[in-house]
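Analysis of the macromolecular model
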Protein chains: 2
Amino acid sequence: MKRTLFLLLCGMLSMLAVAQEVASPDGNVRLKFYLDGTRPTYELAYKGREVIRPSHLGLELAKDKHASKGIQETDLMDGFSISDTKTSAFDETWKPVWGETAKIRNRYNELAVTLGQQSTGRSIIIRFRVYDDGMGFRYEFPQQSDLNYFLIKEERSEFAMAGDHTAWWLPGDYDTQEQETQQSRLSEIRGRFEKAVNWGNSSVAVFSPTGVQTSLQMKSDDGLYINIHEAACADYATMHLELVDGQTTQLTTKLKGNSNTYTPDPTPSTYPLPAPMTFVSHLTPDATGLKGCMQTPCNTPWRTVIVSDDARDMLSSNLILNLNEPCALDDTSWIHPTKYCGVWWEMIVGKSNWHYTDDYPSVQLDNIDYTKTKPHGRHAANTEKVKRYIDFAADNGLDQVLVEGWNIGWEDWANMWKRDVFDFVTPYPDFDIKGLNEYAHSKGVKLMMHHETSSSTQNYERHIENAFDLMNRYGYDAVKTGYVGDIIPRGDHHYSQSMNNHYLYVVKEAAKHHIMVNAHEATRPTGLCRTYPNLVGNESARGTEYEAFGGSRPDHTCILPFTRLQGGPMDYTPGVLETQLKNWSENPNFVHTTLAGQLALYVTMYSPLQMAADLPENYAKYMDAFRFIRDVACDWDDTKYLEAEPADYITVARKAKGTDNWFIGGKCDENGHKSIVHLDFLDEGRKYECTIYADAKNAHYEHNPKAYVITKKTVKKGDVLKLTEAPGGGFAVSLMAK
Amino acid sequence: MKRTLFLLLCGMLSMLAVAQEVASPDGNVRLKFYLDGTRPTYELAYKGREVIRPSHLGLELAKDKHASKGIQETDLMDGFSISDTKTSAFDETWKPVWGETAKIRNRYNELAVTLGQQSTGRSIIIRFRVYDDGMGFRYEFPQQSDLNYFLIKEERSEFAMAGDHTAWWLPGDYDTQEQETQQSRLSEIRGRFEKAVNWGNSSVAVFSPTGVQTSLQMKSDDGLYINIHEAACADYATMHLELVDGQTTQLTTKLKGNSNTYTPDPTPSTYPLPAPMTFVSHLTPDATGLKGCMQTPCNTPWRTVIVSDDARDMLSSNLILNLNEPCALDDTSWIHPTKYCGVWWEMIVGKSNWHYTDDYPSVQLDNIDYTKTKPHGRHAANTEKVKRYIDFAADNGLDQVLVEGWNIGWEDWANMWKRDVFDFVTPYPDFDIKGLNEYAHSKGVKLMMHHETSSSTQNYERHIENAFDLMNRYGYDAVKTGYVGDIIPRGDHHYSQSMNNHYLYVVKEAAKHHIMVNAHEATRPTGLCRTYPNLVGNESARGTEYEAFGGSRPDHTCILPFTRLQGGPMDYTPGVLETQLKNWSENPNFVHTTLAGQLALYVTMYSPLQMAADLPENYAKYMDAFRFIRDVACDWDDTKYLEAEPADYITVARKAKGTDNWFIGGKCDENGHKSIVHLDFLDEGRKYECTIYADAKNAHYEHNPKAYVITKKTVKKGDVLKLTEAPGGGFAVSLMAK
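Quantities reported herein were computed from a predicted structural model and do not represent experimental measurements.

Cut-offs and rules
- Residues numbered from 1 in each chain as written.
- Chains lettered and ligands numbered in written order.
- Predicted model: local features only at pLDDT ≥ 70, side-chain atom pairs only at ≥ 80, totals over all residues.
- Heavy atoms only, no water.
- Helix = DSSP H or I, 4+ residues; strand = E, 2+ residues; numbered from the N terminus.
- Buried < 20%, exposed > 50% of the residue type's maximum accessible area, 1.4 Å probe, protein only.
- Domains from an automatic or database assignment.
- Contact = heavy atoms within 4.5 Å.
- Buried area = accessible area lost by both parts, 1.4 Å probe.
- UniProt positions renumbered as here; feature names shortened; annotations may be inferred.
- Phe/Tyr/Trp six-rings, centres within 6.5 Å; stacked < 30°, edge-to-face > 60°.

Some words on unusual backbone geometry
For residues besides glycine, phi is generally negative; the peptide bonds are generally trans as well. Residue and element names in this part refer to chain B. Here Thr214 and Ser215 are connected by a cis peptide whose omega angle stands at -5°. When you line up the elements, Ser215 lands in the loop between strand 14 (211–213) and strand 15 (216–219). In this structure, Pro489 follows Ile488 across a cis peptide bond, with omega equal to 20°. Within the secondary structure, Pro489 is located in the loop between strand 25 (478–482) and helix 9 (497–512). Unlike most non-glycine residues, Met277 shows phi in positive territory, near 75°. In this structure Met277 comes out as buried when scored by relative accessible area, which is 14%. Unusually for a residue other than glycine, Ser455 sits at a positive phi of about 65°. Examined against the element boundaries, Ser455 turns out to sit in the loop between strand 24 (446–452) and helix 8 (457–474).

Next up, the structure:
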């Protein structure tokens, strides 16, 4: 009797709105969970300061169209009681296959709350992991007789901000993330939204004038840095955030923009609006307008909040990687960081072309014999040119040569909803695929494959096995994929559940063939590279190519490490030393950094995949500066973020993998920056040959970008380097252990 | 100068609205084409009687969403002038790989009209082929600088009927064609529509209360038989017909039914409504609501009108096959007509199951080890049972044994929008795939593969190569595919352009592996089996399975040859001799024919693929009747349709391939039929052993279905057989040349 009573009392206690609390191992981050009535609610604090004010959690479900099965859906929003809570601690150190550091510590305290919904008999778990630099939570849906399949109308995870923070944001869009970052107060997002949208982009599908993308970096007036993103987004739609501001009357149910493919759910949410300055999750829909089709057991990605009062902690955080699953590949010996050049920039700039002939207004691959067409003479991916790039790579320690435009179909490939756009195996007549691979291999270089899908994913999946077989046959081990234009299957979006499944499908299939993947225009990464380390890169943001399309602001690369790079490395393709394109092409644009600033990016923009993007003939003009690109590593045993402020400056030192050499990069915005680098991280008693690639005194990204000074000296631990970065400039330092 | 003037005059003449006429080789069918103002218009007559009254032709185009490219679309509806006309004659005899006759004559007169649209500078061709038994036309879009890509909002091909005909129709639906056929006046369609929809079906997407499917069979009050269908529908959406009746105020732009996936184009057509009793084409949309994404050069399928004053000509017509392209396969030696039995009917009836275990409320293939689950004991596809079926096939001259439910995943597979539903390669633990194939082969029998896709086409395409490899490895050469439930990619429909592309993709990939395909729930056939003769069958209509779900009317199989079978053979799965299911199962339903009627179907329902659908233990009870199923051929050198009236009766004699034996089948509706068969087609001076399988005197499909009489006698050319078919009955006759 006593025991029963005790259990009963425990049960009753758990029904009360008693807050569960869990703190980070160092105690600085505190998470509180409770039921607000019957709605799951959480709060987050950092060193006693509010980070997330009381915020509801839940999901609205779509009515099952097979209602004849007798299931009338009830939202997973309220009606909950707490049926169980579990807390636990975790501390483990793991070694990434490649990364910024040789080891990563994964230490957190966990709270798992099981919630029962009486009216449906369903139960779900909300799991929180609290780290010293933030926290993640996710929804888990155990398999149960009353919850096997469900359709997500919208996830409603709230993130209530404690103030009108400064934010660095991109307009939320289902199909592009290549806009310039906006810097504004939260309250200013609505007013700046229209201008912030990259309307010229081919696929603009914005959904709300306060809808923004993640990773979203913010800074509070009292100096807290807060970042919201997600981790381990696999087979789930990519999350956007819709800000409830003073003008919000209801959460978005309608699509805005020039997409005509969306079925808006005409029923607005019936739940009360959260307080102003609250972000609410907004998932990317598929062609039906649904946000997710789920089968239990399953879970959402982790929703992450990184927080610190030191901006450098934002950059060194491993929270997102840690929230991903461990490596799923048994053998990773074939995965390797890669430095490469390629037949690419000259096409982006407009000097040569991907396509081969102008004979036809459009082509159907099955009906054209390219050997019988008339080449227009500007086809870049020709055997002779590729040989020159191979020679350049071999001469300069670059591992691979990317060649775009090697395969037939580039005459009309984008934005026509053309399904059978490429076959990924047939080279143009002037590209000797066998001979070039043999030539490259004889010089210790590999070619890098290129698969532009034109977003015709059905076509790509039909050809992928043959395409990877061809790569294996000729000795390719890395592929750059591309997803330009509207998705096929038609009506789908780049960041939907089905497309996220596709991107990961490609990575998994590639792994079977020992192929590394660098996916452009694919969904923004969320740390999946921990689980599938052959995902060595993504674009998923505004890359260097935009410098040829009009340019990006000088602060662009001082923001990206805070935002885009949180989820994984970016193939930013730096190294354009001839910053004035008119010097060698008809293109009037220029790169919005100094030459030294371009060198800095190899260190500040972490990636295991680094391109030397400029043309060999341009590098020939700056071989002393190019030396840094030759020397710099792209895999690291250690990393020290020395200085950082979003959109202002980043200074970082990294220790090259398996060596005692360090490399330092400093990059700043249009205002310049004076950097003081304490060489405290060097080995005691050791001497280093230090080469400094710095902006010259009068350097300026616009007026005098190529003014640089190279200085050599010997340094030791404790020495201090004082470096002045020009407007839009930067510096690079190599420290070779003697 | 004279020549220039002459050409100029010719040009001017062609601008006038002078009708172009072309007649069939025998002169009975006459097609007239002209411009009504600037709109393409045609009329059709048969022996001087109106078949199609003046009807417009054209397509409405969707505005290109990439309007930034400067293309504002103009419909291809009007604004045309005739810039060229060409007439020609064609006469060729070809041999089908399998068929009703050994040779097929393709004889027609052709009119090709090139139409120029001045405002756009575009030109299209409308091509008519006029046969002795009807005509086909299609739109052709040559490659041209101003017409490379276009989006079809709707095809507007009109078929203006000359009277309020009797029609045998199915409700137009984007996802099912398994309804009972309705017989009514055209003017009665609207009133009967709601009741005609099979609302219980999982995927009901009807679009208009006067929308019907093709092939549509009609009969005029003055005895003309008219059939509208299409030929060679590949990479184009399946056509429905919307009837403009007295109540029509505008053509349909909105979707009706319980599908929630369609974005209706809110802009109604601005073209004037055609006259009442006109059918207008209505294509199946994809997930975006678009009807077609086209790249020139391309063309639509042929729109076909078969016409005669003799119903038998409807059944013997080869017009649809003739309008398809010749065989595209170099080697067809591996394609063979097939008689088969299978582990199927006992599951349909409910006596056993496809799935293996009840351990889980739902399954994820990657997470379950079926060898560790508890079998429920009702799994049909087990080694022991399949061996019995193999023995039965071997003992009775059947070529193959279909086994459904052999592969893991059947625990929850339908209508859940479950992408990764099957892998098509992993057998359940109790199905010894290797041993069973070896056992079958040792007895001269093959197993037939089954690939239920659950309409998750993305999943099927991902696995198809491995699945076909497995078939090759074990010696399967035929696959039954299935498309039950909602399409994945989500939002798409069974009969859209993209799905039609998928079905043909599967057939082409199968051909590479020398695999024959029998696709169930796929789009209704349009004669593509001429081009790809490994497409040996389709379901695409209400099959025998419905007899276990409540039944089909007795006239059902007297309609199908007029409608569904116009485009190609159906895997109707006849041969259920134990017509009362309660005699061996808990299923209270019964088959709506007599036993003799079941035998008749092997002759009346032409197919190179014929199942003996009943269980071996049921056949054991009727071995004398089963003899006909053993004996009957499924490939033919000649066919004579002796009697026919839609939904009333069909009597047909066929000469077995490579022999002098004939088989005759007669099938009738619920009213019974007295058939008089003149054996004029037999060889002069030859004797035949004639076995007649007939309804007994008091037979009745409902009250006394299994009363049959088998009679043997010797017959010769010129003899007459008088046969009485019971209500819902029929007869079968074998004539073995002595």
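Alright, that's what it looks like, and here's the rest.
Side note on the domain arrangement of chain A
Residues and elements named next belong to chain A. One can read the domain layout of chain A as domain 1 (22–323), domain 2 (339–534) and domain 3 (541–557 + 573–737). A C-alpha centroid distance of 29 Å is found between domain 2 and domain 3. Between domain 2 and domain 3, the residue contacts involve 18 residues of the former and 27 residues of the latter. With both sides pooled, the region where domain 2 packs onto domain 3 buries about 2,100 Å², and carbon together with sulfur makes up 69% of that total. Ranking the residues of domain 2 by area buried against domain 3 places Lys339, Tyr340 and Trp345 at the top, with a combined share of 37%.

Quick notes on the UniProt feature "domain: Glycosyl-hydrolase 97 C-terminal oligomerisation" (unreviewed entry) in chain A
When the UniProt feature table is mapped onto this chain numbering, "domain: Glycosyl-hydrolase 97 C-terminal oligomerisation" (unreviewed entry) sits at residues 635–735 of chain A. For residues 635–735 of chain A, the helix share is 0%, the strand share is 60%, and the end-to-end C-alpha distance is 15 Å.

Some words on the packing of aromatic side chains
Following the criterion strictly, the structure yields 66 aromatic pairs over all chains and no others. With 4.9 Å between their ring centres and 50° between their planes, Trp410 of chain A and Phe422 of chain A make a pair best called tilted. Pair noted here: Trp410 of chain A is in the loop between strand 23 (400–403) and helix 7 (433–442) and Phe422 of chain A is in the loop between strand 23 and helix 7, with a separation of twelve residues, a long-range link. Note on Trp410 of chain A: relative accessible area 4%, which makes it buried. A relative accessible area of 1% means that Phe422 of chain A is categorised as buried. An angle of 40° between the planes, with centres 6.1 Å apart, marks the rings of Tyr42 of chain B and Phe128 of chain B as tilted. Note that Tyr42 of chain B is positioned in strand 3 (residues 39–46) and Phe128 of chain B in strand 8 (residues 122–131), a separation of 86 residues in sequence.

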